[in-house]
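# Coordinate inspection notes
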Amino acid sequence: MDRWRGRVALVTGASVGIGAAVAVELVRHGMKVVGCARDVAKIQVNVLALSICTREAYQSMKERNVDDGHIININSLCGHKVIPFADLHFYTATKYAVTALTEGLRQELRAENTHIRATSISPGLVATEFISRASTNNPDQVAGIYAAYKALQAKDIASAVTLENLWLNLYSRCHCSFCCPSNPRTRLVFTLKWCD
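Residues numbered from 1 in each chain as written. Predicted model: local features only at pLDDT ≥ 70, side-chain atom pairs only at ≥ 80, totals over all residues. Heavy atoms only, no water.

## Some thoughts on the overall build of the chain
Secondary structure assignment for the chain yields six helices and six strands. Counting from the amino terminus, the chain carries its helices and strands in the arrangement β-α-β-α-β-α-β-α-α-α-β-β. Burial statistics for the chain: of 196 residues in total, 41% are counted as buried. Restricting to contacts in the chain with at least 6 residues of sequence separation, those with at least 24 account for 65%. When the accessible surface of the chain is split by element, carbon and sulfur atoms take 56% of a total near 10,700 Å². (Helix = DSSP H or I, 4+ residues; strand = E, 2+ residues; numbered from the N terminus. Buried < 20%, exposed > 50% of the residue type's maximum accessible area, 1.4 Å probe, protein only. Contact = heavy atoms within 4.5 Å. Areas by Shrake-Rupley, 256 points an atom, 1.4 Å probe, with all protein chains shown as cover.)

Structure (structure tokens):
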């Protein structure tokens, strides 16, 4: 992470949950963080804000001749598999869009012969207020979800962001990582998707 010290990071959703943890972790590693937050139409933001912020970040990098930037999209396992939970189906559709947008961006960056990287980090269940918001009509269902599955913490995803940057310094073709809780002795499992 030393190469990012003093550089600027834009973190969306920085007021709560994963976004807040990522912002804190990046500051801890010496980055200047611009945090953005929203409170309306939260699900829709998964697609629209991601697209707009990505476009603007890329344009800003081009204008400033930054050719080693990194755009990291926080996705979800729901962006790769439909979970049998009706309250999440629309959210799942937006996360599938994040998967497609990240892959499309990666292809566009490659076609432009840039060294700017695009990565999608897809965590499983994370202990944030998200599930409670998604299932407001059934608090027992929420409790059941957290009882049935070992949840990650937001700081685990923040750690994945910094680890992603370390890995990409070594393996420049990594595009997508999944992080899921495993057994009690191992907090996270990472699976890397390699691209040409």
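## Considerations on the nonpolar core
Formed by 18 residues in total, the largest nonpolar core has its most connected members in Val 11, Ile 18, Val 22 and Leu 26. Among the elements of the structure, β1 (8-12), α1 (17-28) and α6 (154-170) are those that each provide at least two residues to this core. Not counting chain neighbours up to four residues away, the residues in contact with Val 11 comprise Gly 19, Val 22, Ala 23, Leu 26, Val 33, Val 34, Gly 35 and Cys 36. Formed by 10 residues, the second largest nonpolar core is a distinct cluster that contains Cys 78, Phe 85, Tyr 91 and Leu 125. (Core = buried A, V, L, I, M, F, W, Y, C linked by side-chain atoms within 4.5 Å.)

## Describing helix α3 (residues 89-111)
Taking 1.5 Å as the rise per residue, α3 with 23 residues should run 33 Å; its terminal C-alpha atoms sit 33 Å apart, in good agreement. Every buried residue belonging to α3 is among Tyr 91, Thr 92, Thr 94, Lys 95, Val 98, Thr 102, Glu 103, Leu 105, Arg 106 and Leu 109, and all of these are buried. Looking one or two residues beyond α3, the residue adopting positive phi is Asn 113, at roughly 55 degrees. (Expected span 1.5 Å × (residues − 1).)

## A short note on the pattern of salt bridges
Across all of its chains, the model carries five salt bridges by this definition. As a salt-bridge pair, Arg 3 and Asp 68 come within 3.6 Å of each other at their nearest N and O atoms. Within this pair, whereas Arg 3 is found in the segment before β1, its partner Asp 68 is found in the loop between α2 (42-63) and β3 (70-74), the two being separated by 65 residues in sequence. A relative accessible area of 28% places Asp 68 in the partly exposed class. A salt bridge links Arg 55 to Glu 56, with the nearest nitrogen and oxygen atoms 2.9 Å apart. Exposure remark for Arg 55: the relative accessible area of 46% places this residue in the partly exposed category. Through salt bridges with shared partners, one network takes in Arg 3, Arg 7 and Asp 68. (Salt bridge = Lys/Arg side-chain N within 4 Å of Asp/Glu carboxyl O.)

## With respect to a nonpolar patch on the surface
Taken together, Val 8, Leu 10 and Val 34 make up a surface patch of nonpolar side chains, about 270 Å² in accessible area. Summarising the element assignment, Val 34 is placed in strand β2 (residues 32-36). (Patch = residues over 30% accessible without salt bridge, like charges linked within 9 Å, V, L, I, M, F, W, Y side chains within 5 Å.)

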